[in-house]
Amino acid sequence: MRIFIAGGTGAVGVRMVPLLVAAGHEVYGSTRHEAGREALAAMGATGIVMDPLDAQSVHDAVAKAEPEVVVHQLTALGSLSGNLKKFDQDFAMTSRLRTEGTDHLLAAARAAGVRRFIAQSFGGGWSNERNGGWVKDESAPLITDPGKEARGTLAAIRHLEHAVTSATDLEGVVLRYGNFYGPGNATSREGVLGEMLRKGKMPVVGGGTGVWSFVHIDDVASATVAALDRGAPGIYNIVDDEPAPVNQWIPLLAEEVGGRNPMRLPAWLARPLIGEFGVALMTSVRGSSNAKAKRELGWTPSYATWREGFRTGIG
């Protein structure tokens, strides 16, 4: 197939490109800089310089590639601060890419006669509703209000998912990725979370009963490749097999990165420091099930659980 990856030099893109080239696909990837185009060429893909927030630039890039499938991997996650009270600020550019960028890509895909459109969303926990069972499948609604610190980010996720799944003139697929971990990501030996845990700056709040869902960055790439020609249009959770309570994953990750055993803070004491959203991340968020992706995409994560992945897959 001819495949266009918007965000070809991003964390997922650089892992997808070699898989696709090795499988014999003709791969085009967008980048914002000439150096990225050269990096894509070195991987066997054709790089196209594109401004994802400029409609004409996006139209021209997709028209040049003439792809059968567009894969939307546009994010701006390289400089997260780790300050949960500034969550929307950290994700402001990613939110623009999920709104304006998605609209531009969909319009360009339609103009080019693209058959299938695959877009990155989020399914790592905080966007799920926070009542009932602790693990949610794709039929469960997103939370109505995640907290003031994340309202803008959730609105952008809703926009992307609605725009892609409501399309009738192409096959719209949304992949809700779990919390990334692995080299080059925040959850890694050298990433923001690893550094915070090494310095003892990430306590377990309350009972630590909030449930997160993780996925190794290599498994994100393999799941996205699987979705190129498998699965009906719709939403799929791309997460590992074991949703993770905070009171289990934080101590294990701290141990693996050489940190001390995390302190425990009551919620009332932590709230002024990390906000209501931060307290929810620690105590009440719900994880996601990967059963649909395994069943309909024929995908199985190579790191079945975060326990295994934190020990051997974080760099």
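Keep in mind the model is a prediction, meaning the values are calculated, not measured.

1. A word on the overall build of the protein
Looking only at helices and strands, one finds twelve helices and 15 strands in the protein. Considering only C-alpha atoms, the protein reaches an extent of 55 × 35 × 35 Å along its principal axes. Taking all contacts inside the protein whose residues are at least 6 apart in sequence as the whole, residues at least 24 apart take part in 78%. Working note: accessible area of the protein is about 12,500 Å², and carbon and sulfur atoms make up 53% of it. Seen as two clouds, the 32 positive and the 33 negative side-chain charges of the protein have centres 6 Å apart.

2. Notes on unusual backbone geometry
The phi angle at Glu 66 is positive, at roughly 45 degrees, despite the residue not being glycine. Note that Glu 66 resides in the loop between α3 (55-65) and β4 (69-72).

3. Points about the sheet that holds strand β3 (residues 46-49)
The sheet built from seven strands is open, its strands ordered β3-β2-β1-β4-β5-β7-β12 with parallel pairing. In this open sheet, the two edge strands, each paired with only one partner strand, are β3 and β12 (234-238). Across the sheet, the mean angle separating the axes of adjacent strands is 20 degrees when strand polarity is ignored. Bridging between strand β7 (residues 171-177) and β12 involves five bridges; their strand directions are parallel. Its bridge partner being in β12, Val 174 is matched across the sheet by Ile 235. Its contacts with the sheet put α3 on β1 (2-6), β2 (26-31), β3 and β4, and the angle it makes with β1 is roughly 155 degrees.

4. Remarks on the pairing of β4
Burial of the side chains of β4 extends over both faces: Val 69 and Val 71 are buried on one face and Val 70 and His 72 on the other. Note: β1 against β4, four bridges, orientation parallel. Within the sheet, the bridge partner assigned to Phe 4 lies in β4 and is Val 70. As paired strands, β4 and strand β5 (residues 116-122) are joined by four bridges and run parallel to one another. Its bridge partner being in β5, Val 70 is matched across the sheet by Phe 117.

5. Let's talk about the pairing of β1
Of all five residues that make up β1, four are buried, and the element is covered over most of its length. Regarding the hand of the β-α-β motif, the stretch spanning β1, helix α1 (residues 13-22) and β2 is right-handed.

6. Considering the nonpolar core
Formed by 39 residues in total, the largest nonpolar core has its most connected members in Trp 126, Met 202, Phe 214, Trp 249, Ile 250 and Phe 310. Elements supplying a minimum of two residues to this core: α6 (151-165), α7 (192-198), β9 (204-205), α9 (246-256), α10 (267-283) and α12 (306-312). Of all the elements, α10 adds the most residues to this core, at seven residues. If we skip the residues at most four places from it in the chain, Met 202 touches Leu 193, Met 196, Leu 197, Trp 249, Ile 250, Pro 262 and Met 282.

7. Description of the packing of helix α5 (residues 92-111) against α6
Two elements in contact, α5 and α6, have axes separated by 7 Å at closest approach and are oriented at 20 degrees. Put simply, α5 runs roughly parallel to α6. α5 and α6 meet at a crossing whose hand is left-handed. Within the contact between the two elements, α5 uses Ser 95, Arg 98, Thr 99, Thr 102, Asp 103 and Leu 106 and α6 uses Gly 152, Thr 153, Ala 156, Ile 157, His 159, Leu 160, Ala 163 and Val 164. Here the contact of α5 with α6 is composed, by residue class, of six nonpolar, six polar and two charged.

8. Observations regarding the side chain of Arg 176
Along the chain, Arg 176 falls in strand β7. Among the polar contacts listed, one links the side chain of Arg 176 to the side chain of Glu 161, at a separation of 2.8 Å. With near-sequence residues (within four places) excluded, Arg 176 lies in contact with Ser 121, Phe 122, Gly 123, Glu 138, Leu 142, Glu 161, Ile 235, Tyr 236, Asn 237, Ile 238 and Val 239.

9. Here's the deal with the packing of α3 against α5
Geometrically, a packed helix pair is captured by the angle between its two axes and the distance between the axes. In the contact formed by α3 and α5, the axes pass within 9 Å of each other and the chain directions differ by 40 degrees. With respect to α5, the axis of α3 lies oblique. α3 and α5 meet at a crossing whose hand is right-handed. Contact residues: α3 offers Ala 55, Val 58, His 59 and Val 62, while α5 offers His 104, Leu 105, Ala 108, Ala 109 and Ala 111. Residues that form the contact of α3 with α5 fall into these classes: seven nonpolar, two polar and no charged.

Cut-offs and rules
- Residues numbered from 1 in each chain as written.
- Predicted model: local features only at pLDDT ≥ 70, side-chain atom pairs only at ≥ 80, totals over all residues.
- Heavy atoms only, no water.
- Helix = DSSP H or I, 4+ residues; strand = E, 2+ residues; numbered from the N terminus.
- Contact = heavy atoms within 4.5 Å.
- Areas by Shrake-Rupley, 256 points an atom, 1.4 Å probe, with all protein chains shown as cover.
- Lys, Arg positive; Asp, Glu negative; His and termini not counted.
- Charge placed at Lys NZ, Arg CZ, Asp CG, Glu CD.
- Pairing = 2+ DSSP bridges.
- Axes fitted to C-alpha atoms, helices over the stretch in contact; angles between N-to-C directions.
- Buried < 20%, exposed > 50% of the residue type's maximum accessible area, 1.4 Å probe, protein only.
- Right-handed = clockwise from strand over helix to strand, strands pointing away.
- Core = buried A, V, L, I, M, F, W, Y, C linked by side-chain atoms within 4.5 Å.
- Parallel < 35°, antiparallel > 145°, perpendicular 65-115°, else oblique.
- Left-handed = near helix turned anticlockwise from the far one by under 90°.
- Nonpolar A, V, L, I, M, F, W, Y, C, P; charged D, E, K, R; others polar.
- Polar contact = N/O pair within 3.5 Å; in protein donor to acceptor, adjacent residues only side chain to side chain.

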